[in-house]
Amino acid sequence: MKTLRLNDPDSQDDLKALNKLISSTRKIVVLTGAGISRNAGIPDFRSSSGLYKQKYSNGTINCRELFDISIYRDENTISLFNTFMQSMYYNKVKCAHPTKTHQFIKALNNHRKLVRCYTQNIDGLERQLGMRTEFDELNDWNHLDVVQLHGDLNTLKCNRCLQKYKWEEIYIDQKGAEEDAGLLIACPKCMEKYKKKQEEGKRCCQSSIGIIRPNIVLYGEEHPYAEILAKHLSKDISRNPKLFLIFGTSLKVAGVKTLVRRLSRQIHRNVPNGKIALINNSKICQSIWDKYIDYQIVSDCDDWCDYVESHIPRLLQEPKPRKQSLKSTQSGTENKENISIKAQKWLKADTKDKRKLRQLQDADGLEKGHTTNLNGGHGCKRIKREIMVL
């Protein structure tokens, strides 16, 4: 594993070779960590000024403990955790904007070079650039640009039924959230089911009611979508990406370590001249990662992206639209002709079939009208809440 620096003359040949690979390949996988969002005002975790160095509750608890599932075992720590997450969402994530590194990843995607971006971040800044991100609904994998490995702080969820809610559906505003920090908010969907069973005289217990919490994965918690992630990660690995770029992470999380090792082995084994590069301000352990990572570039992530784009200026340009092939054009014409013939046959059908057609059209009209009414409202409707007793 070579250590490179942007201003080091001895690093220039390897940096240029990496630029050439970025320019030529259409199979790039990206992994991002908290380091890419620092310039957006969102703190990272393990740097000298990171969250894990900070103390809370008069020094009795550190931030690392706030990200552990055991935080829910005690009333005082629950209040502390809720206050911390509310502050993180309202004061940092909600008002943050994408950085140069986010824009660079978007450019790779625009030029159809990106296989997938996996992010450990919970800020969802990629969505502001129009990238398709998801943490919960991973079945539509082929249409995802960014996979959020550790959740999304922009939403809340029930810890029981996994129903998602917007912050505005549960809390009036930041002040209201702060006032409710010490409370366990019962999931409205679970409460509705519980009350329905009570009314029907069916057996029900309070343990079936979930509580509302940030939609993120904590340390010591079983990942709710681990099997789906593993399945689709294997599909991405089987595509034999030629370049793996790792941004702004010290690679300390166990699941992320496994992802990097699996992908790195595949690239080194099956892809001639394939490379793995890590871009981060701080160096990682040489002995642990030497056989997996080819280059560690000691640099601010945004500075390296500026450097690459200065050498590959076409990345900054909008890609040219794909030309439609003659074959696909002919195929489209044939499909239109087939549809036209089917329509003519339908119109020549008997009176009974015509009546069916009118019924379908009427139903379609009703459905469109219903959709219009649904979209006619503005703002976010708040859901009736109930408080769980600790």
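Our structure's up above, just so we're on the same page.
What you see is a predicted model; the values in this text were computed from it and never measured.

What counts, and at which threshold
- Residues numbered from 1 in each chain as written.
- Predicted model: local features only at pLDDT ≥ 70, side-chain atom pairs only at ≥ 80, totals over all residues.
- Heavy atoms only, no water.
- Pairing = 2+ DSSP bridges.
- Helix = DSSP H or I, 4+ residues; strand = E, 2+ residues; numbered from the N terminus.
- Axes fitted to C-alpha atoms, helices over the stretch in contact; angles between N-to-C directions.
- Contact = heavy atoms within 4.5 Å.
- Parallel < 35°, antiparallel > 145°, perpendicular 65-115°, else oblique.
- Left-handed = near helix turned anticlockwise from the far one by under 90°.
- Nonpolar A, V, L, I, M, F, W, Y, C, P; charged D, E, K, R; others polar.
- 1 Å grid on protein atoms, 1.4 Å probe; cavity = no way out; pocket = protein on both sides within 12 Å on 5 of 7 lines; lining within 4 Å.
- Points joined across faces, edges and corners; volume = space filled by probe spheres on them.
- Expected span 1.5 Å × (residues − 1).
- Buried < 20%, exposed > 50% of the residue type's maximum accessible area, 1.4 Å probe, protein only.
- Arc of directions from axis to C-beta.

**Examining the sheet that holds strand β9 (residues 164-166)**
So, step 1. Within the open sheet, the three strands sit side by side as β9-β8-β11. Their pairing is antiparallel. At either margin of the open sheet sits one strand with a lone partner, and together these are β9 and β11 (212-216). The mean angle between the axes of side-by-side strands here comes to 50 degrees, regardless of whether they run parallel or antiparallel.
So, step 2. Across five bridges, strand β8 (residues 151-158) lies against β11 in antiparallel orientation. Across the sheet, Lys-157 pairs through a bridge with Arg-213, a residue of β11.
So, step 3. Across the sheet, helix α3 (residues 75-93) lies against β8 and β11, angled at about 135 degrees from β8, the strand it touches most.

**Re the packing of helix α4 (residues 100-110) against helix α11 (residues 301-311)**
So, step 1. Contact geometry for α4 and α11: axes closest at 8 Å, N-to-C directions at 45 degrees. One element, α4, and the other, α11, form an angle in the oblique class. Where α4 crosses over α11, the two elements pack in a sense that is left-handed. Note on element contacts: α11 touches α4 through Cys-301, Asp-302, Trp-304, Cys-305, Asp-306, Val-308 and Glu-309, opposite Lys-100, Thr-101 and Phe-104.
So, step 2. Here the residues of the contact of α4 with α11 sort into five nonpolar, one polar and four charged.

**Observations regarding the layout of surface pockets**
Regions of empty space are outlined by a rolling probe, equal in size to a water molecule, passed over the atoms.
So, step 1. Roughly 1,200 Å³ of volume is contained in the largest pocket.
So, step 2. Taken together, 50 residues make up the lining of the largest pocket; nearest its centre are Gln-120, His-150, Tyr-219, Val-253 and Val-256.
So, step 3. Elements that contribute at least two residues to the lining of the largest pocket include exactly α3, α8 (226-238) and α9 (254-270).
So, step 4. By residue number, the principal contributor to the lining of the largest pocket is α9, which donates six residues.
So, step 5. Its residues placed into classes, the lining of the largest pocket shows 25 nonpolar, 18 polar and seven charged.

**Quick notes on helix α7 (residues 188-199)**
So, step 1. With 12 residues, α7 should reach 16 Å at 1.5 Å per residue; the first-to-last C-alpha distance of 16 Å fits that figure.
So, step 2. Of all the residues in α7, the buried ones are Pro-188, Cys-190, Met-191 and Tyr-194. For α7, the angular spread of the buried residues around the axis is 155 degrees, confining them to a single face. Of the exposed residues in α7, the ones pointing more than 90 degrees away from its buried face are Glu-192, Lys-196 and Glu-199.

**Considerations on empty space enclosed by the protein**
So, step 1. Counted according to the given criterion, the structure contains one cavity of 30 Å³ or more.
So, step 2. Looking at the largest cavity, its volume works out to about 70 Å³.
So, step 3. If you go around the largest cavity, the residues you meet are Asn-82, Met-85, Gln-86, Leu-156, Trp-167, Tyr-171, Leu-183, Ile-212, Arg-213 and Pro-214.
So, step 4. Of all elements in the fold, only α3 and β11 reach the threshold of two or more residues within the lining of the largest cavity.
So, step 5. Residues belonging to the lining of the largest cavity are distributed by class as follows: seven nonpolar, two polar and one charged.

**Considering α8**
So, step 1. With 13 residues, α8 should cover 18 Å at 1.5 Å per step; its first-to-last C-alpha distance of 18 Å lies within 8% of that length.
So, step 2. Turning to α8, its buried residues are Leu-229, His-232, Leu-233, Asp-236 and Ile-237. Relative to the axis of α8, the buried residues are bounded by an arc of 150 degrees and lie together on one face. Turned more than 90 degrees off the buried face of α8, the exposed positions are Glu-227, Lys-231 and Ser-238.

**Here's the deal with the packing of helix α1 (residues 12-24) against α11**
So, step 1. Contact pair α1 / α11: the axes reach a minimum separation of 10 Å and the direction vectors enclose 70 degrees. In terms of their interaxial angle, α1 and α11 are classed as roughly perpendicular. Contacts between α1 and α11 pair Gln-12, Leu-15, Leu-18, Asn-19 and Ile-22 from the former with Trp-304, Tyr-307, Val-308 and His-311 from the latter.
So, step 2. Along the lines of polarity and charge, the residues of the contact of α1 with α11 split into six nonpolar, three polar and no charged.

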